[in-house]
Amino acid sequence: MRRILLLVLWVSSGLTLAQPPPEGERSPLHGFFAAESRQQREWENRFEELVQAANIGNWIERMAARPHHVGSPYGKENAEWIAEQFSAWGYRTEIEVFDVLFTTNKKRLLEMLEPSSFQAGLSEPAIPQDAASGQSAERLPGYNAYSADGDVSGELVYVNYGVPADYEELQRRGIDVRGKIVIARYGGSWRGIKPKVAAQNGALGCILYSDPRDDGYFRGDVYPEGPFRMEHGVQRGSVADMPIFPGDPLTPGVGAVTGVARLPREDAPTLARIPVLPISYADALPLIRALGGPVAPPSWRGALPVTYHLGPGPAKVRLALEFNWDLVPAYNVIARLAGSERPDQWIVRGNHHDAWVNGAADPVSGMAAMMEEARAVAKLVELGWQPRRTIVYAAWDAEEPGLIGSTEWAEHHAEELREKVAVYINSDSNGRGFLGAGGSHGLERLVNEVAREVTDPQTGVSVWERLRARRLSTANPPQADRIRSRADLAISALGSGSDYSPFLQHLGIASLNLGFGGENAGGSYHSAYDSFDHYSRFGDPGFVYGATQAKTVGRAVLRLAAASVLPWRFSNLAETIKGYSGEVADLADQMRRRVESHNLDVAQRVHILAADPREKLVPPSKKEPVPFLNFAPLRNAVRRLESLARSCDDALKDRLRSPQGLPPAAQRALDRIFMLSERALTRIQGLPGRQWYVHYIYAPGLYTGYGVKTLPAIREAIEQEDWVEAEQQIALTASVLDTFSERLEAAAALLEAPGSDRE
């Protein structure tokens, strides 16, 4: 089987499985002089030898032994234990505490009043095959943090995934959710978008459930026989409106420390406006079965054994929720390893440690891998390796309710972090499968170089080769041609959903999010069954991908900490932004055609009404035509960026390979330009309507949540059909790119100057 898989990889990727060339024939690592490059590879190989999968398994079992949500006793105990380990390895370690708003459940009631009586059980039973599933006294029940309190009753309406397009479809069918309670299945967007859109459409309450088509028996055997969500599993989670801002809902923009001014709860804009409750598909089945009205469209139908109807009614339900609204301590563990030459340049590496329940997969699988990475880095220092730059490891608390621990730390130390942090590298859950990489595209070449060095434990080829083979096997012909034409594999853009968000999108710090997965699918997410028993069977048997993550991310950390010059490659970024600029121009054309089609449809309906007065359909109103948008400033800025990126990359490559090299003063000056370059892609005024998000290339979407919007100010203005705003944001985005290009001009001039020995 192993030989067959290797052959498939070779055929699909077009690559040979030959051994890497001898060291003397390999290209120097980006950001290193040739001699230093050879030494760095030797150190990285020794680092890999130090990584032990057994440590990762032991630590997952230890940290996931009990529920450990923010504010819990075991959450504090875990933080203290993590800090002890870092201190023992030689890191200067501290625990920094923030007092943050966190809701816990006091009352949960969901009952069907008509046409028959039913009360939801709202419980996750213990199962013999899972030791942690019996810890009900310690764990949080199935609920949504930051839901509103409320006791509401109304007819039930099924709204599919509960995203804006679903409500538009209901409107076309004459179904109004005002004064009603909606039920939406998980998926299609981040969960916090669903009650937000429901409230905007006038709903009184929102019920969320995991449909077995998306997350249950339709996909495979359910737990404990298989990995997928069993009928009583419930997905907990926050419903704070994080696309406005993440972090503590009462302290936007500042750290939640003692004495800080806090918003009154009624003025906090990210808290949900209606009661929201997640339930299992066992509890959802009687509600869905009782719905009448039109049959749901084919794409709306899940896998419950009933015909899916939209309602409203005859099902009528009561939803009654009450919460504790408390300030609880969040414990961030911060561990530092000082740099030898440039201690005021920081490489920050983070993973969160809090969970909704036991959290073996989310987040402990990533946390344990990061700890093993940090242990091996410290051991490497004992063997003689020295980082040029300071390495900071962070174990964040309160990520699950809304990226709170990392956001409060970033806001509280914002000035220092903007001045010192070169890169933030994040991880979260981890499991069997393929490398996943997203982040700042100036670091795309670094990710590719690292991925070529790490061996995939299942196939024996590099994780880069395995990922490329997978992409080629799933690509359509144009996509496959593009993959083959590029030396580097593309990394994804980052929206939100984990702790990189405050660094990238609020502080303008270049960031990466790295991890493995794709063969660890299953329904334990945010449930009582995210346990060591589940993870060790289905997530990463033998913890070999935990070790692979430690090796992959560890190499990136070592390389960033040791490089002669920070290893940016701006041509990758310029190519990516050029693609984004083409996308927003195409989006404007698509909107123009859509509006023309809409107005034609309105005219046809008016004609039908005139011909037949019995026709009941009321035509929607016409839309204003889409005006011409002048994309010339954006195109010109992109062309300038492309030219300067090539010049800067070529000049740096030449200087690193030249006998004259690059004097230390010039290296430090270039580092300064490179680390501040990401800041140039921001505007302090922030994005329209949400000042917290300042990055003009990447942001979470207002109605996608975790999903990214690239060139967000332009893209969302077009999507919202605000043509005046779109025109303004085209010009502002072009000016941001021009400011970035000025940084590249300064770098190129420094590289081309004789001697380059100046600050």
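Quick notes on the rules
- Residues numbered from 1 in each chain as written.
- Predicted model: local features only at pLDDT ≥ 70, side-chain atom pairs only at ≥ 80, totals over all residues.
- Heavy atoms only, no water.
- Helix = DSSP H or I, 4+ residues; strand = E, 2+ residues; numbered from the N terminus.
- Rg over C-alpha atoms; globule rule 2.2 N^0.38 Å.
- Contact = heavy atoms within 4.5 Å.
- Areas by Shrake-Rupley, 256 points an atom, 1.4 Å probe, with all protein chains shown as cover.
- Lys, Arg positive; Asp, Glu negative; His and termini not counted.
- Charge placed at Lys NZ, Arg CZ, Asp CG, Glu CD.
- Buried < 20%, exposed > 50% of the residue type's maximum accessible area, 1.4 Å probe, protein only.
- Pairing = 2+ DSSP bridges.
- Polar contact = N/O pair within 3.5 Å; in protein donor to acceptor, adjacent residues only side chain to side chain.
- 1 Å grid on protein atoms, 1.4 Å probe; cavity = no way out; pocket = protein on both sides within 12 Å on 5 of 7 lines; lining within 4 Å.
- Points joined across faces, edges and corners; volume = space filled by probe spheres on them.
- Nonpolar A, V, L, I, M, F, W, Y, C, P; charged D, E, K, R; others polar.
- Salt bridge = Lys/Arg side-chain N within 4 Å of Asp/Glu carboxyl O.
- Axes fitted to C-alpha atoms, helices over the stretch in contact; angles between N-to-C directions.
- Parallel < 35°, antiparallel > 145°, perpendicular 65-115°, else oblique.
- Left-handed = near helix turned anticlockwise from the far one by under 90°.
- Phe/Tyr/Trp six-rings, centres within 6.5 Å; stacked < 30°, edge-to-face > 60°.
- Lys NZ or Arg CZ within 6 Å of the ring centre and 35° of its normal.
- Arc of directions from axis to C-beta.
- pLDDT = per-residue confidence, 0-100.

A. Looking closely at the overall build of the protein chain. Helices and strands together make up the secondary structure of the protein chain, namely 22 helices and 16 strands. The globule rule puts the C-alpha radius of gyration for 759 residues at 27 Å, and the 27 Å found for the protein chain is close to it. In terms of overall dimensions, the protein chain has C-alpha extents of about 85 × 65 × 65 Å along its principal axes. Across the protein chain, contacts joining residues at least 24 apart in sequence account for 80% of those joining residues at least 6 apart. Carbon and sulfur atoms make up 51% of the accessible area of the protein chain, which amounts to about 28,600 Å² in all. Of note, the protein chain has its 82 positive side-chain charges centred 4 Å away from the centre of its 94 negative side-chain charges.

B. Broad picture of the pairing of strand 5 (residues 181-185). A large share of strand 5 lies buried, amounting to 5 of its 5 residues. Residues I181, I183 and R185 line one face of strand 5 and the alternating positions V182 and A184 line the opposite face, and both faces are buried. Where strand 4 (residues 150-158) and strand 5 come together, 3 bridges link them in parallel fashion. Following the sheet pairing, Y158 is matched in strand 5 by I183.

C. Spotlight on the side chain of R342. Following the sequence through the fold, R342 ends up in strand 10 (residues 342-352). Judged by relative accessible area, which is 5%, R342 ranks as buried. Here the side chain of R342 touches S564 through a polar contact of 2.9 Å, landing on its backbone oxygen. When sequence neighbours within four positions are dropped, the list of residues in contact with R342 reads R388, R389, T390, A563, S564, Q667, R668 and D671.

D. Broad picture of empty space enclosed by the protein. The final tally for this structure, using the stated rule, is 5 cavities of 30 Å³ or more. Its volume calculated, the largest cavity comes out at about 50 Å³. Lining the largest cavity we find L435, A437, V447, N448, A451, W464, L467, R471, L489, A490 and I491. Of all the elements in the fold, those that place two or more residues in the lining of the largest cavity are strand 13 (433-439), helix 12 (444-453) and helix 13 (463-474). Residues that form the lining of the largest cavity fall into these classes: 9 nonpolar, 1 polar and 1 charged.

E. Spotlight on the environment of E399. Of note, E399 is situated in the loop between strand 11 (389-396) and helix 10 (404-412). Note: C-alpha distance between E399 and G247 (152 residues apart in sequence) is 8.4 Å.

F. Seen up close, the pattern of salt bridges. Under the defined criterion, the tally for this structure stands at 46 salt bridges. Among the ionic pairs, K379 bridges to E382, the shortest N-O distance being 3.3 Å. In this pair, K379 and E382 both sit in helix 9 (residues 360-382), 3 residues apart, roughly one turn of the helix. Look at E382 and you get exposed, because its relative accessible area is 58%. Note that D738 is salt-bridged to R640, the shortest N-O span being 3.5 Å. Residue D738 is located in helix 22 (residues 723-752), and its partner R640 is located in helix 19 (residues 632-657); the two are separated by 98 residues in the primary sequence. Within this structure, E44, E48, E449, R555 and R559 form a network of salt bridges that share partners.

G. Representation of the packing of helix 9 against helix 17 (residues 544-562) within the structure. Orientation of helix 9 relative to helix 17, taken along the N-to-C sense of each, is 50°, at an axis distance of 8 Å. Taken as axis vectors, helix 9 and helix 17 run oblique relative to one another. Handedness of the helix 9/helix 17 crossing: right-handed. In contact with G366, A369, E373, V377 and L380 of helix 9, helix 17 contributes G546, Q549, A550, V553, G554, V557 and L558. Class assignment for the residues of the contact of helix 9 with helix 17 results in 7 nonpolar, 4 polar and 1 charged.

H. Fine view of the packing of aromatic side chains. Tallied over the full model, the rule gives 24 aromatic pairs. When the ring of F86 is compared with that of W89, the centres are 5.4 Å apart and the planes differ by 65°; the resulting orientation is edge-to-face. When sorted by exposure, F86 lands in the same class as W89, which is buried. Relative to Y706, the ring of W190 lies with its centre 5.6 Å away and its plane at 35°, an arrangement referred to as tilted. Linking W190 in the loop between strand 5 and helix 6 (193-200) with Y706 in the loop between strand 15 (698-700) and strand 16 (708-710), this pair joins segments that are 516 residues apart in sequence. The exposure class of Y706 is partly exposed, given its relative accessible area of 31%. Through a chain of ring-to-ring contacts, the aromatic side chains of W59, F86, W89, Y91 and Y393 assemble into a single cluster. Here K196 stacks its cationic end above the ring of Y703, 4.7 Å away from the centre of that ring. Above the face of the F218 ring, R213 is positioned so that its terminal group lies 4.2 Å from the ring centre.

I. Highlighting the packing of helix 2 (residues 34-50) against helix 9. Between helix 2 and helix 9, whose axes approach to 9 Å, the crossing angle comes to 125°. Here helix 9 runs oblique to helix 2, going by the angle between their axes. Considering how the two elements wind past one another, helix 2 and helix 9 form a crossing that is right-handed. In contact with W43, R46, F47 and L50 of helix 2, helix 9 contributes E372, E373, R375, A376, V377, K379 and L380.

J. Representation of the environment of A469 in the model. Of note, A469 is situated in helix 13. By relative accessible area, which is 2% here, A469 ends up buried. For the pair A469 and A126, spaced 343 residues apart in sequence, the C-alpha separation works out to 41 Å.

K. Broad picture of helix 16 (residues 532-539). For helix 16, the complete set of buried residues consists of F532, H534, Y535, F538 and G539. Angular distribution of buried residues about the axis of helix 16 spans 165°; they occupy a single face of the element. Packing partners of the buried residues in helix 16 comprise helix 3 (53-63) and helix 9.

L. Here's a closer look at helix 8 (residues 281-289). Burial runs high along helix 8: 8 of the 9 residues are buried. Restricting attention to buried positions, one finds in helix 8 the residues Y281, A282, D283, A284, L285, P286, L287 and I288.

M. Spatial organisation of the confidence of the model for the protein chain. On average, residues of the protein chain score 93 in pLDDT, and 93% of them are at 70 or above. Considering only residues more than four positions removed or in separate chains, one finds that residues 1-20, a stretch of pLDDT under 50, has 29 contacts.

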